[in-house]
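# Architecture and fold: a report
The primary structure of each chain is shown beneath.
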Amino acid sequence: MESFSNKNPHFFQPLLPGFQSNFSIPKSFLKHLGKEMEENVDGKLAILRNNRADRIWMVKVGFDENDKRLYIEKGWKKFCEDYDLQIGDFLVFMHHQNLVFDVFVFDPSMCERPFPGDHHQPTKPSKKADLSSLKSNNPAKNGLFKKVKESKKPIKYDTACSEAEVDFTPRGFPYCHTFVKQYCFKWGGMHLPMKFARENGLAKKWCNITLLDRKGDEYQLLLRYHSHGTSVYIGKWRQFHLNHNLKTGDPVVFELISSGKNPTLNFYSKLLQ
């Protein structure tokens, strides 16, 4: 088997009894998360991807001050159940950046096991593996997201009305900075920047979407567009707006982590909700 990419640090963990409710990242690995992540990682969302990078899971991580360990919490049990993990399996985690991990599963025979229902041959870890390999289920996009060009300064398609900033670090997925407009609560819709929508296959979509907040809570909303094709907005926004105490002018970030028939986006606002 080809060696794992040297530029991406990785660790492995055997699955012991109780792994579904008690799984931690080794202390010695925390140095690879970077100083900023190491200091402020508690409560953040991590992304787990299967060996073909065509399935993703959002999980919340928590830091225990007593034993100085980083635990994978909310969302971990679902990952275990979806992958049908068993005691005796062991996992290899390859870290890309900002808590994005590719996960490789090996059974007790020491052979890599593909995701259940996936009849393709297990793929070998690629030396060129990077975040742009995240696949979409949208055939019109040829299986790949278009990645928004990143820069040292946040990319803003709108001029925000607030001086507040969002605690958000790009991690290779398409994203956009925008702000809460005055009409959002009144009309129950949150518009997305059209450039972002067009570049990532969201323009002219009429479907259900999932929005995940910082807590890892899921909200089922709608993606809609006006018939003249000049605006795309998130519908059923009013209750989400209230739940997150949003105000006119508040800056927000939408991070597209899964495209296809029913997209999934992470939502970040100026306050840790």
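It should be emphasised that the depicted structure is a prediction, and the values quoted were computed from it without experimental measurement.

In space, the 7 strands of this open sheet follow the order β8-β13-β14-β10-β11-β12-β9, with mixed pairing throughout. Only two strands of the sheet have a single neighbouring strand rather than two, namely β8 (175–179) and β9 (190–192). Across the sheet, the mean angle from the axis of one strand to that of its neighbour is 35 degrees, orientation sign disregarded. Pairing of strand β11 (residues 218–225) with strand β12 (residues 232–235), which is carried by 4 bridges, proceeds in the antiparallel orientation. Residue Arg224 lies in a different strand from β12, and its bridge partner there is Tyr233.

Turning our attention to the nonpolar core. Leu48, Trp76, Phe79, Leu85, Leu91, Phe93 and Phe101 are the most contacted members of the largest nonpolar core, which has 28 residues in total. Elements with a contribution of two residues or more to this core: β2 (23–25), β3 (45–49), β4 (56–64), β5 (69–72), α2 (76–83), β6 (90–95) and β7 (100–106). When residues of this core are assigned to their parent elements, the largest contribution, 4 residues, is made by α2. Once residues lying within four places of it in the same chain are set aside, the contact partners of Phe79 are Leu48, Trp57, Leu85, Leu91 and Val103. The next biggest cluster of nonpolar side chains, apart from the first, holds 25 residues, and it includes Cys184, Phe196, Ala197 and Leu265.

Across the sheet, 7 strands lie side by side as β1-β6-β7-β3-β4-β5-β2; this open sheet has mixed pairing. Because the sheet does not close on itself, it has two edges, and the strands there are β1 (10–14) and β2. Here the average twist between neighbouring strands, direction ignored, is 35 degrees. Looking at chain direction, β6 and β7 are connected through 6 bridges and run antiparallel. Looking across to β7, one finds that Leu91 is bridged to Val105. Set on the sheet, α2 makes contact with β2, β3, β4, β5, β6 and β7; between it and β4 the angle comes to about 135 degrees.

Next up on the list: α2. Every buried residue of α2 is listed here: Trp76, Phe79, Cys80 and Tyr83. In a view along the axis of α2, the buried residues occupy a sector of 100 degrees, so they form one face of it. Where α2 is buried, its residues meet β2, β3, β4, β5, β6 and β7.

The next thing to look at is the packing of aromatic side chains. Geometrically, a pair of aromatic rings is defined through the distance of the ring centres and the angle of the planes. Tallying each qualifying case throughout the model produces 21 aromatic pairs. With a centroid separation of 5.6 Å and an interplanar angle of 35 degrees, the aromatic rings of Phe23 and Phe93 are classed as tilted. Within this pair, whereas Phe23 is found in strand β2, its partner Phe93 is found in strand β6, the two being separated by 70 residues in sequence. The exposure class of Phe23 is buried, given its relative accessible area of 4%.

Any two side chains of opposite charge can pair, given that their charged atoms come close. The final tally for this structure, using the stated rule, is 5 salt bridges. Arg113 is the salt-bridge partner of Asp89, the closest N and O atoms lying 2.5 Å from each other. In this pair, Asp89 sits in the loop between α2 and β6 while Arg113 sits in the loop between β7 and β8, placing the two residues 24 residues apart along the sequence. Comparing Asp89 with Arg113 shows no difference in burial state: the two are buried. Residues Glu255 and Arg171 are paired through a salt bridge, measuring 3.2 Å at the closest nitrogen-oxygen approach. With Glu255 in strand β13 (residues 251–258) and Arg171 in the loop between β7 and β8, the pair connects residues that are 84 residues apart, well separated along the chain. Arg171 shares its class with Glu255; the two are buried.

Cut-off values and rules
- Residues numbered from 1 in each chain as written.
- Predicted model: local features only at pLDDT ≥ 70, side-chain atom pairs only at ≥ 80, totals over all residues.
- Heavy atoms only, no water.
- Pairing = 2+ DSSP bridges.
- Helix = DSSP H or I, 4+ residues; strand = E, 2+ residues; numbered from the N terminus.
- Axes fitted to C-alpha atoms, helices over the stretch in contact; angles between N-to-C directions.
- Core = buried A, V, L, I, M, F, W, Y, C linked by side-chain atoms within 4.5 Å.
- Buried < 20%, exposed > 50% of the residue type's maximum accessible area, 1.4 Å probe, protein only.
- Contact = heavy atoms within 4.5 Å.
- Arc of directions from axis to C-beta.
- Phe/Tyr/Trp six-rings, centres within 6.5 Å; stacked < 30°, edge-to-face > 60°.
- Salt bridge = Lys/Arg side-chain N within 4 Å of Asp/Glu carboxyl O.

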